[in-house]
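Observations on chain architecture
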Amino acid sequence: MVDAPLIGPALAPDLHVMTYNIRRRIPHANRRSPDLWTPRHRIMRRLLQAERPTVLGVQEALPDQVQFLDECLGAGYQWVGRGRNANGSGEHCAIFYDSRRLTLLDWTQKALSNTPDVPGSRSFGNHVPRIAVLARFTDRVTGVEFLVVNTHFDHLSPKSRLRSAEMLSELVSSAAVPAVVMGDVNTRPGSRPYQQFTGGGQFRDAWTAARIRLTPAYTTFSNYRQPRIGAKRIDWILVSGPVTVRSVGINPFRLRGRAASDHEPVQAVLRINPEIT
């Protein structure tokens, strides 16, 4: 059985991008807990095999979950990223990509701290390490080069979220190519990090820039409940440069009433246009 996708595989020159906090595996979740990974991973498989995004940025993925996602997406997909801890263990912000469509040019992982090249470092006010993965691609079909950034901002510290937004804005600006920034930012549109990204015109929120919205403005943090309209939209896709947002949606996929994660995936169809020189 193939589930009807919200977007499904993209045809060139369009790209299908998805950001998804998959909720880390909780080791001692009881059988009745919605956090239990065993039923969740089956739902996630159904979702990803229906959607098959060109680029998928995940948050909270533990190493075994990264391997599971790799298996779900199957042949043709590859991924980059390391765990957020100093030794490379722990939660990943992995970027998966369809290597039949995209060529990876290079990638790096930065700690969201004053020492971004020191793995596991934290100095912005967060108590656990926070990271961003940056990957530069060339589209095999269009020849366009672009940057993808996948991140997970701190859930407790407003200072850390703002400093993280400032740091990523600078990194994207220095890359000097069209960019897609995605992730769980743990804050709402209108907040100071949002203004940092969008206030000067460097970034556009895919939700507001889209020509077509495929779904209502659901909460992206539903905590396994049915998503509501107008609540917490804390997972974003932002674009920078000559990028057209053709459509966007927040996917409320359920299987027998159950969700794969406490977050909903945010998905967009993008067209990255060649720079005019």
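Each remark here, short or long, concerns the structure printed above.
So, here is what we can say about the structure in this document. (Residues numbered from 1 in each chain as written. Predicted model: local features only at pLDDT ≥ 70, side-chain atom pairs only at ≥ 80, totals over all residues. Heavy atoms only, no water.)

**Re the packing of helix 1 (residues 37-51) against helix 2 (residues 63-73)**
- Running from amino to carboxyl end, helix 1 crosses helix 2 at an angle of 35°, the nearest separation of the two axes being 9 Å. Our pair here, helix 1 against helix 2, has a crossing hand that is right-handed. When helix 1 is examined against helix 2, the residues W37, R40, H41, M44, R45, L48 and Q49 are found in contact with a partner set consisting of Q65, F68, L69, C72 and L73. (Axes fitted to C-alpha atoms, helices over the stretch in contact; angles between N-to-C directions. Helix = DSSP H or I, 4+ residues; strand = E, 2+ residues; numbered from the N terminus. Left-handed = near helix turned anticlockwise from the far one by under 90°. Contact = heavy atoms within 4.5 Å.)

**Section: the sheet that holds strand 12 (residues 243-250)**
- Sheet architecture is open: seven strands sit in the order 3-4-2-1-13-12-10, paired in mixed fashion. Two strands bound the open sheet, and with one partner strand each, they are strand 3 (77-80) and strand 10 (212-213).
- In this structure, strand 1 (residues 14-21) lies alongside strand 2 (residues 55-59), joined through five bridges in parallel fashion. Residue pairing for strand 2: Y20 is matched across the bridge by V58.
- With respect to the sheet, helix 2 is in contact with strand 2, strand 3 and strand 4 (95-98), its orientation differing from that of strand 3 by roughly 155°. (Pairing = 2+ DSSP bridges.)

**Describing the environment of L255**
- One can find L255 in the loop between strand 12 and strand 13 (266-272).
- Of the residues examined, L255 reaches a relative accessible area of 16% and is grouped as buried.
- The spacing of L255 and Y77 is 178 residues in sequence and 25 Å in space, taken between C-alpha atoms.
- Setting aside anything within four residues of it in sequence, one finds L255 in contact with I43 and R46. (Buried < 20%, exposed > 50% of the residue type's maximum accessible area, 1.4 Å probe, protein only.)

These figures capture arrangement, not role.
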